[in-house]
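Close look at the chain arrangement
Given next are the chains, with one letter for each unit.
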Amino acid sequence: MATADQAQLVVVGGGPGGYAAAFHAADLGLRVTLIDPEKNPGGVCLYRGCIPSKALLHVAGVIAEAKEAAAAGVSFGAPKIDLDALRAFKGGVVERLTGGLGQLSRARKITYVQGRARFTAANTLEVTGPEGTKTSLDFAQAIIATGSRAATLRNLPDHERVMNSRQALDLPEVPKRLLVVGGGYIGVEMASVYAALGARVTIVELTGGLLPGADRDLVKPLEIRIKGVLEALWLNTKVTSAKVQGKTVTVEVEGPDGKKKETFDRLLVAVGRVPNTKDIGLEALGITVDDHGFIPVDLARRTKLAHIFAIGDVAGQPMLAHKASHEGQVAAAAAAGKKVAFEPQAIPAVVFTDPEVAWCGLTEEDAKRSGVDVKVGKFPWAASGRALTMGRSDGLTKVVAEAASGRVLGVGVVGPGAGELIAEGVLAVEMAAVAEDLALSIHPHPTLSETLMEAAASVFGKSLHYLGR
Ligand code: NAD
């Protein structure tokens, strides 16, 4: 049996980037050691990010749908929420998935080492195990996949009532009043969860709208709907100070109407994430990070040292699990001697709120900014039969096509299930489809997928069910 210290390839970090790299490298015949502090692979995404949040968002969706069924003549009583059972449901999903990854890792004969790794020389690292024991390990090649952690705000106290997403996902309680600081991915998702569970939630966002950077046409339906479940949405506003007093937190904010003070039971801070590049011994490798804290890499995800790769959240934006997973596989293939490059045309982004917001490739605003001449086709879901049967006419599907060729450069969708629908957009962009390809492909009726076909047809003013642009 191979011992850890003879490992050909060491992968540091077992999240969606690291475990994908380790699995692919093992499939390509490399001897692999995977190191992570948790008992099984999974990382932030599976243990305290994407997966537990989606389990909770699923429950939030059920609560919302039950309420809305009243409009179709079906009424349910107020939901009774058993937090212990909800935590157990979420924990069960996490346990099953991470346990499954452990099995997949063992089946591939990967040496899994539980602990934290720190590089000590160009081909050596030290692993500190859960009990504090230190082991030295030599390697021929390494992939750094240490991910990211929640950013903090200096003017907020370090206290259990001031939570980050990890603590909020543990569901310590349903606070009566919750202030979510940051209206990005995590802010809107967690605000939706806590509002559905019965908290009065306010979001405070520094910029003029939720999800800065996303297409405004897509964000608008989310803003309208989320305002219906929030106590307040404070835009262009920043938190200047916060003080914990007993079981409450008094916050001072400064916005368009000047300064005000309000008291909440808890705060949830979601103001971005910071790559985990400290305390991993980069200095022993002579690797320095760029101005944004990312490890510079080439197309194959090689750092300045040819035998060391970096992938996922430590290697640049977007900090998304699926981007990390693909980068991981590219780095693994490069480590196995293959000529590969990470050059996606479209990395989808999905915000799992109600409605979901999803996009890929070029947005209309990107096109304007970079001077690309585009034609945009839109299809409002008010014209979709399927959307109306679901009582959801607030969605929108958008196709951004190159004006001269009709080539699909970007797709955006807002509405229930947008996260699933966007996959077709990714395929269209990656395969260099023209809008006509989408418009002429027969989509099943009656489904929301028809909105993509109709938005593509709308690029040429040929949508059957929508005459606008
Ligand atoms: P984010 O960058 O998406 O949003 C942070 C928000 O906080 C921004 O809107 C920003 O304007 C605002 N902000 C910054 N400082 C502020 C302040 N002082 N007061 C008020 N608002 C402030 O970051 P996030 O929501 O923390 O998510 C982190 C990362 O995690 C994202 O970049 C994303 O890649 C990933 N993520 C993805 C998903 C998903 O794919 N569905 C879900 C959650 C997280």
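Bear in mind the structure is a predicted one, so any value in this text is a computation, not a measurement.

This part is about the sheet that holds strand β5 (residues 124-128). Across the sheet, which stays open at both edges, the three strands sit in the order β4-β5-β6 with antiparallel pairing between neighbours. For this open sheet the edge positions go to β4 (116-121) and β6 (134-138), each flanked by a neighbour on one side alone. The sheet shows a mean angle of 30 degrees between the axes of neighbouring strands, taken without regard to direction.

Moving on, we get to the packing of helix α3 (residues 50-68) against helix α6 (residues 185-196). Any two packed helices are characterised by the angle at which their axes cross and by the distance between the axes. One can describe the packing of α3 onto α6 by two numbers: an axis separation of 9 Å at closest approach and a directional angle of 50 degrees. The orientation of α3 relative to α6 falls into the category oblique. Relative to α6, the crossing made by α3 is left-handed. Here Ser-53, Lys-54, Leu-56, Leu-57, Ala-60 and Ile-63 of α3 come into contact with α6, specifically with Glu-189, Ser-192, Val-193 and Ala-196.

This brings us to unusual backbone geometry. Here the residue pair Gln-317 and Pro-318 is connected by a cis peptide bond, since its omega of -10 degrees sits within 30 degrees of zero. Its place among the elements puts Pro-318 in the loop between β18 (308-310) and α9 (321-335). At the junction of His-445 and Pro-446, the peptide bond is cis and its omega measures out at -5 degrees in the coordinates. Positionally, Pro-446 belongs in the loop between α13 (435-440) and α14 (450-458). Positive phi, normally seen in glycine, also occurs at Lys-109, with a value near 65 degrees. In this fold, Lys-109 is placed in the loop between α4 (83-107) and β3 (111-114). Using a relative accessible area of 70% as the deciding quantity, one classes Lys-109 as exposed.

Here the second largest pocket defines a volume of roughly 990 Å³. Gly-61, Ala-64, Glu-65, Asp-354 and Arg-392 are, among the 34 residues lining the second largest pocket, the residues nearest its centre. When contributions to the lining of the second largest pocket are tallied by element, the ones reaching two or more residues are α3, α6, α7 (216-229) and α12 (418-430). Sorting elements by how many residues they give to the lining of the second largest pocket places α3 first, with eleven residues. Looking at the lining of the second largest pocket residue by residue, the class counts come to 17 nonpolar, eight polar and nine charged.

Now for the nonpolar core. Within the largest apolar cluster, 39 residues are counted, with the highest numbers of intra-cluster contacts made by Tyr-194, Val-201, Ile-203, Leu-210, Leu-211 and Val-357. Ranked by the residues each element gives to this core, the list is headed by α6, at six residues. Discounting residues that sit within four places of it in the chain, Val-357 has contacts with Leu-211, Leu-218, Leu-222, Ala-349, Val-350, Val-351, Val-413, Val-414 and Ala-418. Core analysis: the next-biggest nonpolar cluster, separate from the first, contains 26 residues, Ala-346, Cys-360, Val-399 and Val-411 among them.

Quick look at the site of the ligand now. Near the ligand lie 22 residues; those nearest to it are Ile-186, Glu-205, Gly-272, Met-319 and Val-350. Gly-272 places a main-chain nitrogen or oxygen 2.8 Å from an oxygen atom of the ligand. Between the ligand and Met-319, the relevant distance is 2.7 Å, taken from an oxygen atom to a main-chain nitrogen or oxygen of the residue. Bound to the protein, the ligand loses 81% of the 850 Å² it would expose on its own. With four residues, the single largest contributor to the shell around the ligand is α6.

It is worth spelling out the pattern of salt bridges at this point. Evaluation of the coordinates by the stated rule reveals 21 salt bridges. Between Arg-177 and Glu-262 there is a salt bridge whose closest N-O contact spans 3.0 Å. Separated by 85 residues along the polypeptide, Arg-177 in strand β10 (residues 177-181) and Glu-262 in strand β15 (residues 258-264) bring together distant segments of the chain. Relative accessible area serves as the criterion here: at 24%, Glu-262 is assigned to the partly exposed category.

In this section: the sheet that holds strand β14 (residues 248-255). Judged by pairing direction, the sheet is antiparallel, and its three strands sit side by side in the order β13-β14-β15 without closing on themselves. If you trace the sheet from one side to the other, it starts and ends with β13 (238-245) and β15, each paired once. Here the strands of the sheet are splayed against their neighbours by 20 degrees on average, with no regard to which way each runs. With seven bridges joining them, β13 and β14 adopt antiparallel strand pairing. Bridging from a neighbouring strand, Val-244 pairs with Val-249 of β14.

A few words on α14. For α14, a buried count of nine out of nine residues is recorded, marking the element as mostly surrounded by other parts of the structure. Among the residues making up α14, those that are buried are Glu-450, Thr-451, Leu-452, Met-453, Glu-454, Ala-455, Ala-456, Ala-457 and Ser-458. Close packing links the buried residues of α14 with β21 (374-380), β22 (396-402), β23 (408-415), α12 and α13.

Covalently bonding the sulfur atom of one cysteine to the sulfur atom of another cysteine gives a disulfide. In this structure the tally under the stated criterion is one disulfide. Of all cysteine sulfurs, the one in Cys-50 lies closest to Cys-360, which takes part in no disulfide; the gap is 19 Å.

This part takes up the environment of Gly-209. Its place among the elements puts Gly-209 in the loop between β11 (200-204) and α7. Separated by 86 residues in the primary sequence, Gly-209 and Asn-123 have C-alpha atoms spaced 47 Å apart.

What follows covers empty space enclosed by the protein. Scanning all chains against the criterion turns up one cavity of 30 Å³ or more. Empty space within the largest cavity amounts to approximately 60 Å³. Lining the largest cavity, in full, are Asp-215, Leu-218, Trp-359, Cys-360, Leu-362, Thr-363, Glu-364, Lys-398, Val-400, Val-411 and Gly-412. Tallied by class, residues from the lining of the largest cavity come to six nonpolar, two polar and three charged.

Cut-offs used in this document
- Residues numbered from 1 in each chain as written.
- Predicted model: local features only at pLDDT ≥ 70, side-chain atom pairs only at ≥ 80, totals over all residues.
- Heavy atoms only, no water.
- Pairing = 2+ DSSP bridges.
- Helix = DSSP H or I, 4+ residues; strand = E, 2+ residues; numbered from the N terminus.
- Axes fitted to C-alpha atoms, helices over the stretch in contact; angles between N-to-C directions.
- Parallel < 35°, antiparallel > 145°, perpendicular 65-115°, else oblique.
- Left-handed = near helix turned anticlockwise from the far one by under 90°.
- Contact = heavy atoms within 4.5 Å.
- Buried < 20%, exposed > 50% of the residue type's maximum accessible area, 1.4 Å probe, protein only.
- 1 Å grid on protein atoms, 1.4 Å probe; cavity = no way out; pocket = protein on both sides within 12 Å on 5 of 7 lines; lining within 4 Å.
- Points joined across faces, edges and corners; volume = space filled by probe spheres on them.
- Nonpolar A, V, L, I, M, F, W, Y, C, P; charged D, E, K, R; others polar.
- Core = buried A, V, L, I, M, F, W, Y, C linked by side-chain atoms within 4.5 Å.
- Near = heavy atom within 4 Å.
- Polar contact = N/O pair within 3.5 Å; in protein donor to acceptor, adjacent residues only side chain to side chain.
- Areas by Shrake-Rupley, 256 points an atom, 1.4 Å probe, with all protein chains shown as cover.
- Salt bridge = Lys/Arg side-chain N within 4 Å of Asp/Glu carboxyl O.
- Disulfide = S-S within 2.5 Å.

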